[in-house]
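These are the residues of each chain, in order.
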Amino acid sequence: MKKEFKVISELIENKSKALDVGCGDGELLKYLLENKTKDIRGLEISKESVQNCLSKGLPVIEGNAENDLMQFPNKSFDYVILSQTLQAFLNPDKVIKELLRVGKKAIVTIPNFGHWKIRIKLLINGTMPLTENLPYEWHSTPNLHMCTIKDFFVFCEERDIKIFKSLALNQDKISEINNKNLNYKNLMSDLGIFLIENK
Amino acid sequence: MNDLTEIKKIIVKKPLKLDCGKEISNFPLAYETYGKLNENKDNAILVFHALTGDQFASGINPITKKDGWWKYALGPGKAFDTEKFFVISANVIGGCMGSYGPSTINEITSKPLGTDFPVITINDMVNAQYNLLDFFKIETLFAVAGGSMGGMQVLQFVSNFPNKAKVAVPIACTASHSAQNIALNELGRQSIMADINWQNGSYGEREKSPDKGLAVARMAAHITYLSKKGLQEKFGRKLQERDDLKFSFDADFQIESYLRHQGAAFVDRFDANSYLYITRAMDYFDLTKKFDGNLSKAFANSKTKFFVISFTSDWLYPTSESRDIVIALNAIGASVGFVEIKSDKGHDSFLLDVPDFLGTLKNYLSSTYKK
């Protein structure tokens, strides 16, 4: 069980309605189903992953977040979850807008490109950093728009998006991010987890 | 056609008001079952067949002596696992395999009804089939499933009887027959009606049926069930038992010979008038019509879990039409799963050995049944 999923699950209220965008093989959905709420949905672009989800009986539809979130009415979910996929979209701005339209709240997690290991790799090697979380070569990476925890803070601020809760995950250790420790967390964390809402 | 008297059927005594305004009662509806109904009666699945299908979905069809049309999907250990589920396969009114249809003998004239049979709709079919639940004393079905016209029946069933099925699996279908669908069906009907033997549908009286017209209808339709790529791979420009072109109108190409065979085999098992009636029912199918064009409203009261399936190479009922169903369901927050299965086998994919389809469906049904 990924620590990230447990943290996401803890941000979600019991019996609420949740949509996991880019739900992969449905690991998080299954965890939510068993621990939080029966009212879950998934959206996933890979046919193989969708088939795996459906094989588990999970209500997942094949589709692309950039086009297929449109079909969901305003505020039709209590939570819309986007786990480590924001960086893979052509237009992250549009996706975040859609998440906040469809969901009353959104939970967004981002692999932090500001982690010191990544910074050092680029500084010392002078090549695009490969890490456990980001194992792709520059030419074959699906990640088009990498950002740091700090970038995401600024992104939300500029768009009047309210950050309810921001958490940093570093090697399975969880901590809160605030304005005071932002630079430090941005250096030390693998992953940022944000609970956001339109102001 | 062989003896139909041994076929299982219920006699629907209750009057059924058809969409055309006529009322029918005391009519037969044929069915077949596979597997056993458990004590809780919670393992029943109602499957609906496509245009030229019948109730013999699995095993050997006792009339045609051929394999059931859903042999890959239905049987012990298969997707519709008959070791686990009790599957009722319902025939349709209008059909020619024991249910009330144009080949039913009019007791007064002792002749087939022919075009005296009323024009029926998918809604009428489903309303008739609902009587099977009463017959088996089943309160709630575990699932309803079907492909093509069978999928349309699934959608209509769930719309008419919102809480009678826990799961609905509409496959390779549409909620509203398109102009292209109607055009292709009209081609088939005109072919039958252009056959001099059709005689305004009264051919039954002279024991001379419009086989040529029906065969051409089937040939045309059969092309629509396959994909261009599938046809090209299977037949290409291969010649039929000859080394070179014959400069004639014989079946030089394998594809011609194949289609001729499909047409010829079809007329042995299917009634031309049934073909007219059932294609008409499909053309009239538009689930949105009753709901001011809003498909979501058709499912407004349903707590059913939907699993919508389409196939990449199906151009007869393309993925976009399945997506429309998914979109309508998402608009009302219904529980819906959807996948477009990759297959080169065209619309017929739902009948064929397509492992991704069969495997996903099997696992979906089994994991959903457990919950």
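For the structure itself, consult the block above.
Since the model is a prediction, treat every value here as computed from it, not as a measurement.

What counts, and where the lines are drawn
Residues numbered from 1 in each chain as written. Chains lettered and ligands numbered in written order. Predicted model: local features only at pLDDT ≥ 70, side-chain atom pairs only at ≥ 80, totals over all residues. Heavy atoms only, no water. Disulfide = S-S within 2.5 Å. Buried < 20%, exposed > 50% of the residue type's maximum accessible area, 1.4 Å probe, protein only. Contact = heavy atoms within 4.5 Å. Buried area = accessible area lost by both parts, 1.4 Å probe. Salt bridge = Lys/Arg side-chain N within 4 Å of Asp/Glu carboxyl O. Polar contact = N/O pair within 3.5 Å; in protein donor to acceptor, adjacent residues only side chain to side chain. Helix = DSSP H or I, 4+ residues; strand = E, 2+ residues; numbered from the N terminus. Pairing = 2+ DSSP bridges.

A.B. asks: Teacher, can you tell me more about the state of the cysteines here?
C.D. replies: Among covalent bonds in proteins, the disulfide is the one between the sulfur atoms of two cysteines. Tallied over the entire structure, the rule returns zero disulfides over all chains. Not part of a disulfide, Cys-156 of chain A finds its nearest cysteine sulfur in Cys-147 of chain A, a span of 9.3 Å. Taking the relative accessible area as the measure of exposure, Cys-156 of chain A reaches 1% and is therefore buried. Looking at the unpaired Cys-20 of chain B, the closest cysteine sulfur is the one in Cys-96 of chain B, lying at 20 Å.

A.B. asks: Can you help me understand the interface of chain A and chain B in this one?
C.D. replies: By a frequent convention, interface size equals the accessible area lost on bringing the separate parts together. Residue-level contacts link 20 residues of chain A with 25 residues of chain B. For the chain A and chain B pair, buried surface summed over both sides reaches about 1700 Å², with 49% attributable to carbon and sulfur atoms. Its largest share of buried area at the contact with chain B, chain A owes to Gln-51, Leu-54 and Gln-71 of chain A, together 31% of the area lost on that side. Where chain A touches chain B, the interface holds one salt bridge. For the pair chain A and chain B, the number of links is 13 residue pairs in polar contact (both at pLDDT 80 or more). Residue assignment for the side of chain A that touches chain B shows that the elements contributing at least two residues are helix H3 (47-55) and strand E3 (60-62) of chain A. No other element matches H3 of chain A, which puts five residues into the side of chain A that touches chain B.

A.B. asks: Explain the pairing of strand E8 (residues 86-90) of chain B here, please?
C.D. replies: Walk down a regular strand and you will see the side chains alternate between the two sheet faces. Residues and elements named next belong to chain B. By the criterion of burial, E8 is predominantly enclosed, with five of the five residues buried. Where burial is concerned, the two faces of E8 agree: the one with Phe-86, Ile-88 and Ala-90 and the one with Val-87 and Ser-89 are both buried. Here four bridges tie strand E4 (residues 27-34) to E8, and the two strands are oriented antiparallel to one another. Pairing of Glu-32 across the sheet is with Ser-89, part of E8. The pairing of strand E5 (residues 44-48) with E8 spans five bridges and is parallel. Residue Leu-46 lies in a different strand from E8, and its bridge partner there is Ile-88.

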